[in-house]
Amino acid sequence: MPSASSASDRSAAAIPGSGSTGPGVLRRYREHLPITDATPMLYIGEGATPLVRSQRLEKEAGCEALYFKLESCNPTGSFKDRGMVMAVAKAIEEGDRAIMCASTGNTSASAAAFAAHCGLQVYVLVPKGRIAQGKLAQAVAHGARVIAIDGNFDAALRLALTITDIHPIALVNSVNPYRIEGQKTAAFEIVDALGDAPDYLFIPVGNAGNITSYWRGFTEYQRLGKAQKRPRVMGFQAAGAAPIVLGHPVEEPQTIATAIRIGNPASWQGAVNARDESGGDIQAVSDDEIMSAYYRLAREEGIFCEPASAACVAGLLKVTREGLSLAGQTVVCVITGSGLKDPETAMKAKADLIELPADLAAIEKALGFA
Ligand code: F0G
């Protein structure tokens, strides 16, 4: 664990991120972000994620072009790195020595990685037993102080808000406005890659920070003339954790997609604005629909994402099945996190795992070659 004094001892040459190669979202989008001469230009490999064309689901959805924005390719395996780099840079600029977040897993993994890079102390509050193993492993490996509470994400966030109010610790959940600012760069990248905004954006919704960020990004690019239009924003919550769809908080949210197991989203209003201003919608998808999309992405597209990410693809398949025509439309689905974070869920597929002796004839027989 780095000592608390190590950050202040750094010489200018040792500013975190300096000397790294690659642009990073802070450098690439500096003019659109709240960056001053005193903001450290942190970079651990975030941003510039691929936009991959669908091979099979595009046809089924009936759109002109379907792309997956692979936010799972960020350094800690989720979109959180875009917002975290901005939030941590501002925390350092403002003299903070410690950061804290509540998390369903990905935020804590990202916060822990940036804290390690910058020599900050990091505390995370997670719902006990409700976070994917890979995410917990990341926070532990990066040296975070992890507290698993007997309660859900919403309770953890309330506690994190109180603790960071009383103690000199920066809160790096998406209630921190710098998180939203950093995350909007994903919308910029989509427009920069496609030459304009897509017609539709499909995105999973949990605490609702990301949908808020994308809408801000598309809106700013249109205002600057870098995009001619803004997409309709289609957000998807898990049916057991769908407060925005229901119009009221959910006391005990339930879903296999633990990343979006949230009953009272902090950026609720931002999500509603994105929906209403864009002429989009926010709907619910069942756990079965989520898992079906999860395996289809893995098996028909070569994309291994986590269940929460698959929620938006489940939503795309659902709304088109129910009659929404996407003919002639360009669609982007945001693949928010990597499937490697949650191998236990993947293995529930009663894997085609056959155990045999190391024997050619036996293997040929099992594979149907003999
Ligand atoms: N997808 C993944 C993989 C996530 O980890 C999250 C949120 C979301 C979607 C939803 O994004 O909250 O901005 O609406 N994860 C947070 C966390 C809550 O703690 O890692 P959102």
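Just so we're clear, the structure is a prediction, and the values are computed from it rather than from any experiment. (Residues numbered from 1 in each chain as written. Predicted model: local features only at pLDDT ≥ 70, side-chain atom pairs only at ≥ 80, totals over all residues. Heavy atoms only, no water.)

A. Examining helix α6 (residues 153-166) more closely. In this model, α6 (14 residues) spans 20 Å end to end at C-alpha, consistent with the 20 Å of a helix rising 1.5 Å per residue. Within the span of α6, buried status applies to Phe153, Asp154, Ala155, Ala156, Leu157, Ala160 and Thr164. Its buried side turned inward, α6 meets β3 (98-102), β4 (121-127), β5 (145-149) and β6 (170-171). The distance from a side-chain oxygen at the start of α6 to the backbone nitrogen of aspartate 154 is 3.2 Å, and the residue carrying that oxygen is asparagine 152. (Helix = DSSP H or I, 4+ residues; strand = E, 2+ residues; numbered from the N terminus. Expected span 1.5 Å × (residues − 1). Buried < 20%, exposed > 50% of the residue type's maximum accessible area, 1.4 Å probe, protein only. Contact = heavy atoms within 4.5 Å. Polar contact = N/O pair within 3.5 Å; in protein donor to acceptor, adjacent residues only side chain to side chain.)

B. Looking closely at the site of the ligand. The full set close to the ligand counts 21 residues, and Asn106, Gly206, Asn207, Ala208 and Thr336 are the nearest of them. One nitrogen or oxygen atom from the main chain of asparagine 207 is found 2.7 Å from an oxygen atom belonging to the ligand. About the coverage of the ligand: the protein hides 98% of its 470 Å² of free accessible area. When each cavity is represented as a set of grid points, the ligand is found to reside in the largest cavity. (Near = heavy atom within 4 Å. Areas by Shrake-Rupley, 256 points an atom, 1.4 Å probe, with all protein chains shown as cover. 1 Å grid on protein atoms, 1.4 Å probe; cavity = no way out; pocket = protein on both sides within 12 Å on 5 of 7 lines; lining within 4 Å. Sits in = over half its atoms within 2 Å of the grid points.)

C. Structural detail: the nonpolar core. Among the nonpolar cores identified, the biggest contains 57 residues, and Leu26, Ile99, Ile211 and Tyr214 are the most heavily contacted of them. The leading source of residues in this core is helix α3 (residues 80-93), at seven residues. Sequence-distant contacts of leucine 26, that is, excluding residues within four places in its chain, are made with Leu33, Ile35, Pro40, Met41, Leu42, Val85, Met86 and Ala89. By size, the runner-up hydrophobic cluster in this structure holds 36 residues, among which are Leu57, Phe236, Ala293 and Cys333. (Core = buried A, V, L, I, M, F, W, Y, C linked by side-chain atoms within 4.5 Å.)

D. Here's a closer look at the layout of surface pockets. Roughly 160 Å³ of volume is contained in the second largest pocket. Around the second largest pocket sit Gly129, Arg130, Ile131, Ala132, Gln133, Thr255, Ile256, Thr258, Asp342, Glu344, Thr345 and Lys348, which together line it. Taken together, the residues of the lining of the second largest pocket break down into three nonpolar, five polar and four charged. (Points joined across faces, edges and corners; volume = space filled by probe spheres on them. Nonpolar A, V, L, I, M, F, W, Y, C, P; charged D, E, K, R; others polar.)

E. Examining the sheet that holds β4 more closely. In space, the four strands of this open sheet follow the order β5-β4-β3-β6, with parallel pairing throughout. The sheet is open, and its two edges are formed by β5 and β6, each paired on a single side. One ladder, built from five bridges, connects β4 with β5; its direction is parallel. Each bridged residue has a counterpart across the sheet, and for leucine 125 the counterpart in β5 is isoleucine 147. (Pairing = 2+ DSSP bridges.)

F. Region of the structure containing the environment of proline 343. Residue position: proline 343 is located in helix α14 (residues 343-346). When its relative accessible area of 41% is taken as the criterion, proline 343 is described as partly exposed. Along the backbone, proline 343 and alanine 132 are 211 residues apart, and their C-alpha atoms lie at a distance of 8.2 Å.

G. Looking closely at the packing of aromatic side chains. According to the stated counting rule, one finds seven aromatic pairs in the structure shown. Ring plane angle 5 degrees and centroid distance 5.8 Å describe the contact between phenylalanine 202 and phenylalanine 236, whose orientation is recorded as stacked. With phenylalanine 202 in strand β7 (residues 200-204) and phenylalanine 236 in strand β8 (residues 232-238), this residue pair connects regions lying 34 residues apart in the sequence. The class for phenylalanine 202 is buried, based on a relative accessible area of 0%. Summarising the aromatic geometry, the rings of tyrosine 214 and phenylalanine 218 are spaced 6.3 Å apart at their centres and angled 40 degrees between planes, so their arrangement reads as tilted. Highlighted residues: tyrosine 214 and phenylalanine 218, both in helix α9 (residues 209-223), separated by four residues, approximately one helical turn. Accessibility expressed as a relative area gives 1% for tyrosine 214, which makes it buried. Among the aromatic side chains, those forming a connected cluster through ring pairs are Tyr29, Phe188 and Tyr221. (Phe/Tyr/Trp six-rings, centres within 6.5 Å; stacked < 30°, edge-to-face > 60°.)

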